[in-house]
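Breakdown of the fold
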Amino acid sequence: MKKAREKELGELAERLIAFARKCGADEVEVTVSDDREFSLDVRLGKIENLVEASSRALALKVIKDKKTAFAASSDLNKETLKRLIKNAVARAELANEDECAGLPLVFSDNTNAAGLDLFDPEIRELEPDKKICLALETERIALKDKRITNSHGASLVTNEILTVLANSRGFAGSYEQTFCSLSVGLQAGETDNKAEDYWFSTERFFKKLEPPESVARRAVERTVRLLNPRKIKTQAVPVIFEPQMTAWLLGFLFACISGIAVYQKATFLAGRLGTRIGNKRATVIDNGLMPGRLGSRPFDTEGVACQKTTVLDRGILRHHLCNTYAGRKLDHPSTGNADGAGVSPNNFYLVPGDLSPQEIIASTERGFILTRTIGHGLNPATGDISRGAFGLWVEKGEVVYPVAEVTVSGNLENILRNIEAVGNDLDFRTAVCGPTIKVAELVVAGE
Amino acid sequence: MIAFDDHFKLATTDLKKILEAALSRGGDFAEIYGEYRHFSFINMEEDIIKETAEAISLGLGVRVVSGDKTGYGYTNDLSLDKIRRAVLTAAAIASGTGAKSLPRFQRVRVKGDPYPVKEPFHKTNLSQKIDLVKKAYLACQKSSLKIKKVKVGLQDHIRQVFIVNSAGIMARDIRPQVRLICAAIAEKGKRREIGFSGGGGRVGLEYFRDVLTAERIGKEAAQDALTLLEAVEAPAGEMPVVLAPGHSGVLVHEAVGHLLEADFNRKKTSIFWNKLGKKVGSELISITDDPTIPSFRGSYAVDDEGTVPRKTLLIEKGRVVSFLQDRLSARLMGMPLTGHGRRQDYTCIPIPRMSNTYIEKGQDDPGDIIRSVSKGIYAEKFEGGQVEDSGKFTFSISSGHLIEAGRMTAPIKQATLIGTNIDILRKIVMVGSDLSFGLQTGTCSKEGQEVPVTDGCPTIKISRMTVGGKS
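As a further point, take the overall build of chain B. Tallying secondary structure elements over chain B gives 10 helices and 24 strands in all. By the compact-globule yardstick of 23 Å for 471 residues, chain B fits well, its C-alpha radius of gyration being 24 Å. In terms of overall dimensions, chain B has C-alpha extents of about 75 × 55 × 35 Å along its principal axes. In chain B, which comprises 471 residues, the share counted as buried stands at 59%. Sequence separation of 24 or more characterises 75% of the internal contacts of chain B that already satisfy a separation of 6 or more.

Encoded structure:
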């Protein structure tokens, strides 16, 4: 079944490449995906939404005389696709010549994701009732806690994605991958003084999903610990980032070291390769080849092999993360981070240290544990950060009360240069991730 | 036959059969949503037209509602076999048997035209669009030698939707959408700042001649970046905040609008669920959502459930008077439809959403509002914001000014405003007479679904608010 679909879509890609070449394209790249989605929301013990579907999509890139045009369609009708290709070749002629345009020259040898453990055959076979029970059970356990006063519901989502990529330089690869996630969102407290939070587990393999008890328990803990928050005076204090917050900071770091942002000079880290942007505790890696991890893939959307790239080596910026185009602009090889017309992280993480989060908290005389941020407030051009924040106040090494209605502000480089401690709790819960860290000082604005 | 015969070869009898099959397990309501979207994009940077793109999205979704449960299936393969599979998925949400007889379909008629377009973008040829992009690019680049990098993107699409449901509604809408965005990077010494501007809406090519030219968009982006080069750190702490007219509408969108969407109130997660008819804020403030404003980015002739939308007063002189409804919440809450059931595309279930949301104008002179502040900030441009159901929200200022002794002084950069919505609504102490709307480029995200919106407000003074700056 799997083989038949791969073969069918692979042949479609090859036919389109041949057609585009006939229409005058110098180079062509075709991506076809086939996605099966199952998404379930339950709330207050009942099913709320159930969505199930399969869909296909196709994207293509043509290059003619070093000029590029893109096209995409969810309509795989032969005539539609032919028209899109003709249009793309005609449009390419209206664009300008660009020396750096064009397909990569070297491709991945791993054309089927061998050894990466991306696909769980069990997901296809799961009975809907089993998934429904799991979501209901998660919410039921959470609601048993009397402090929880309302529910945003629990969700169970699974995806099965087949990706087929072929180009006119002879690359042809395809791989299947799966994702599943279980989550629950909760509220505690009365209408006018509510606290809310959620928790989740996302995995490629169904049997690795955290059980309902642990997702529910964590969601409850996270929600109730924010009840009855205090406001604090504006001050500069040490800030402890929980793993999800380190992940958020790394997401911003990615935006600032992405080869595209760098060649466009849209980031303060343009021109900083080889220089110090963090202290010795800041080592950041992008690795697309970690078996079973959420951000792994054999090759990127251009067919370039994914790899392990040390982005920050004990504070020194060593690499930008590039697709072929940004790589050519920066005279830097592609790092296997192409994603459509842009770049995206694979498994992008801060290397953990050896302190437990409890030890980090215990070592803090006075400080703020950042547990969640909301809003925007990230400026890649300057590295400035300013966000609404929720957290916990620490006195003499212990959490004393929750804090709300504050903002944290600082600068990414200053934060990386002032990491005082790195935790040992990296869990790859998301593709971009990190352990608990403690930063010497940030402005927490309150009253 | 209905709607776009080229794309959906479905006769009225087919539609009937689909709906009957959808209700075969005993659902209360069934609906077919079909969508064809044709999108085009041009990107200019480094002085060249770097790439162009064209995208087609075609698909059909079937929804079945049984009590408060929703089943949904969709497909982009429009063979009857695949449609049938989507129908069976959706139908399975109900667990019984039932053969409902369907009423005769009634075509929904819309008064007025929310898209009075003269020269439709989807019929404009590519070289004309490229001209527009180049005009914005050059105007931006030529503004100053300090402008080191310019990027201009032009996106336009035409989205055709049809909705047929078991209540007998048959509706269609053909919605144009255009957005021209310019980003400029300015440098001075080691300092680097990004400025933005943009325009568009449900408009035609004539908009960029008669309403807002590409050159002006380019110049505004440059000016935005140049101003930031001179900006000082924003202060931190509690202080009076004056919101500039237009862009500040994001505050009403985030802090108030979302929590007046009916689903959050039906589920009692919103802080407003028990406050209908109650006073929650200053008498100076009234808030409206209006999907019928011609040419606006958030407007539509019918919503994504086939309901003709109406201008909806949400807060009247500080009192909550209604919620934004979709069919499901309106039925479960026993309230009238307002026409705010929207969806990102055919893969999504419709949910209550805002369209064009604004604070009604007040009586105060904008100059008097600024003069009334001895020390505070004037918030001008925003990156966006976010709200929690509990009413806690933030929004991010990307530029503004300090106010000192009743006068605007130094420009400030990035800062975050944070608060709880009811607290802020009570602290609105002056409302200007100068209502305007922000850029016609906004997108709102909820439950992973993005829809185009606009928001607006007059100059407003909030007596105290927490500002998160660095100094």
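The subject of this paragraph is the overall build of chain A. The secondary structure content of chain A amounts to 10 helices and 20 strands. Rg of the C-alpha trace for chain A: 24 Å, near the compact-globule value of 22 Å for 447 residues, within the 12% margin. Seen through its principal axes, chain A has C-alpha atoms that stretch 70 × 55 × 35 Å. Taking all contacts inside chain A whose residues are at least 6 apart in sequence as the whole, residues at least 24 apart take part in 71%.

What follows is about the domain arrangement of chain B. Residues and elements named next belong to chain B. Domain annotation of chain B identifies domain 1 (121–161 + 173–229) and domain 2 (237–468). With centres defined by C-alpha atoms, the gap from domain 1 to domain 2 works out at 25 Å. Listed per partner, the contact involves 16 residues of domain 1 and 16 residues of domain 2. Those elements giving two or more residues to the side of domain 1 that touches domain 2 turn out to be strand 6 (169–188), strand 7 (191–201) and helix 5 (214–229). For the side of domain 1 that touches domain 2, the residue count by class is four nonpolar, seven polar and five charged.

In this complex, chain A contributes 61 residues to the contact, which on the side of chain B involves 65 residues. Secondary structure elements with two or more residues in the side of chain A that touches chain B: strand 2 (46–64), strand 3 (67–73), helix 2 (78–94), strand 4 (148–167), strand 6 (195–203), strand 16 (384–395), strand 17 (398–411) and strand 20 (437–445) of chain A. When residues of the side of chain A that touches chain B are assigned to their parent elements, the largest contribution, 10 residues, is made by strand 2 of chain A. Residue composition of the side of chain A that touches chain B, grouped by class: 22 nonpolar, 24 polar and 15 charged.

A few words now on the sheet that holds strand 9 (residues 308–313) of chain A. All names here are of chain A. Taken in spatial order, the five strands make up an open sheet running 10-9-8-13-19, and their pairing is mixed. Each edge of the open sheet is held by one strand with a lone partner, namely strand 10 (316–317) and strand 19 (432–433). Pairing between strand 9 and strand 10: two bridges, direction antiparallel. Its bridge partner being in strand 10, Leu312 is matched across the sheet by Leu317.

Residues and elements named next belong to chain A. Here helix 2 spans 25 Å end to end across 17 residues, near enough to the 24 Å set by a 1.5 Å rise per residue. Listed in full, the buried residues belonging to helix 2 are Leu81, Leu84, Ile85, Ala88, Val89, Arg91 and Ala92. Looking straight down helix 2, one finds its buried side chains confined to an arc of 165 degrees; they lie on one side. In helix 2, the exposed positions angled more than 90 degrees off the buried face are occupied by Glu79 and Glu93.

What follows covers unusual backbone geometry. Residue and element names in this part refer to chain A. Look at Lys66: it is not a glycine, yet its phi comes out positive at around 65 degrees. Residue placement: Lys66 occurs in the loop between strand 2 and strand 3. Positive phi, normally seen in glycine, also occurs at Asp331, with a value near 55 degrees. Within the secondary structure, Asp331 is located in the loop between helix 8 (324–330) and strand 11 (338–339).

What follows deals with the nonpolar core. The biggest cluster of nonpolar side chains holds 265 residues, and the ones touching the most others in it are B:Ala136 and B:Ala184. Ignoring any residue separated from it by four or fewer positions in sequence, one finds B:Ala184 in contact with B:Cys140, B:Ile147, B:Val150, B:Gly195, B:Ala221, B:Ala222 and B:Ala225.

What follows concerns the packing of helix 1 (residues 12–22) of chain B against helix 2 (residues 80–91) of chain B. All names here are of chain B. Packing of helix 1 against helix 2 brings their axes to within 8 Å, and their N-to-C directions diverge by 35 degrees. The segment helix 1 lies against helix 2, with Ile18, Ala21 and Ala22 engaging Ile83, Arg84, Val87, Ala90 and Ala91. The class makeup of the residues in the contact of helix 1 with helix 2 is seven nonpolar, no polar and one charged.

Moving on, we get to the pairing of strand 22 (residues 449–452) of chain B. Residues and elements named next belong to chain B. In this sheet, strand 22 lies alongside strand 21 (residues 443–446) in antiparallel orientation, the contact comprising four bridges. Bridged to Ser445 within strand 22 is Glu450. Where strand 21 folds back onto strand 22 in an antiparallel hairpin, the turn is made up of two residues, including Glu447, whose phi is positive at roughly 50 degrees.

It is worth spelling out the confidence of the model for chain B at this point. Averaged over all residues, the pLDDT of chain B is 93; the fraction at 70 or higher stands at 98%. Scored by ipTM, the complex comes to 0.92, with pTM at 0.94.

Moving on to the environment of A:Gly295. All names here are of chain A. Summarising the element assignment, Gly295 is placed in the loop between strand 8 (284–287) and strand 9. According to the C-beta neighbour criterion, Gly295 is buried, with 20 such atoms within 10 Å. The sequence separation of Gly295 and Val432 amounts to 137 residues, and the corresponding C-alpha distance is 7.8 Å. For Gly295, the contacting residues outside a window of four places in its chain are Gly288, Pro345, Asn346, Asn347, Phe348 and Ala431.

What follows deals with the environment of B:Ile403. Within the secondary structure, B:Ile403 is located in strand 16 (residues 392–404). C-alpha of B:Ile403 to C-alpha of B:Leu314: the two residues are 89 residues apart in sequence and 32 Å apart in space.

With that settled, consider the environment of B:Leu15. Residues and elements named next belong to chain B. Among the structural elements, Leu15 can be located in helix 1. Leu15 gets classed as buried once you count the C-beta atoms within 10 Å, which come to 21. Considered as a pair, Leu15 and Ile32 are 17 residues apart in the sequence and their alpha carbons are 7.8 Å apart.

Our focus in this paragraph is helix 2 of chain B. Spanning 12 residues, helix 2 of chain B covers 16 Å between terminal C-alpha atoms, matching the ideal 16 Å at 1.5 Å per step. Turning to helix 2 of chain B, its buried residues number three or more, namely B:Ile83, B:Ala86, B:Val87, B:Thr89, B:Ala90 and B:Ala91. Among the structural elements, strand 2 of chain A together with helix 1, strand 2 (48–66) and strand 3 (69–75) of chain B are those in contact with the buried residues of helix 2 of chain B.

Looking now at the packing of helix 4 (residues 128–144) of chain A against helix 5 (residues 212–224) of chain A. Residues and elements named next belong to chain A. Running from N to C, helix 4 and helix 5 point in directions that differ by 40 degrees, and their axes come no closer than 8 Å. In terms of orientation, helix 4 lies oblique with respect to helix 5. The two elements helix 4 and helix 5 meet at a crossing, and its hand is right-handed. Of the residues in helix 5, those in contact with Leu134, Glu137, Thr138, Ile141 and Ala142 of helix 4 are Pro212, Glu213, Val215, Ala216, Ala219 and Val220.

How each quantity is defined
- Residues numbered from 1 in each chain as written.
- Chains lettered and ligands numbered in written order.
- Predicted model: local features only at pLDDT ≥ 70, side-chain atom pairs only at ≥ 80, totals over all residues.
- Helix = DSSP H or I, 4+ residues; strand = E, 2+ residues; numbered from the N terminus.
- Rg over C-alpha atoms; globule rule 2.2 N^0.38 Å.
- Buried ≥ 20, exposed ≤ 12 C-beta atoms within 10 Å, placed from the backbone.
- Contact = placed C-beta atoms within 7 Å.
- Domains from an automatic or database assignment.
- Nonpolar A, V, L, I, M, F, W, Y, C, P; charged D, E, K, R; others polar.
- Pairing = 2+ DSSP bridges.
- Expected span 1.5 Å × (residues − 1).
- Arc of directions from axis to C-beta.
- Core = buried A, V, L, I, M, F, W, Y, C linked by C-beta atoms within 7 Å.
- Axes fitted to C-alpha atoms, helices over the stretch in contact; angles between N-to-C directions.
- pLDDT = per-residue confidence, 0-100.
- Parallel < 35°, antiparallel > 145°, perpendicular 65-115°, else oblique.
- Left-handed = near helix turned anticlockwise from the far one by under 90°.

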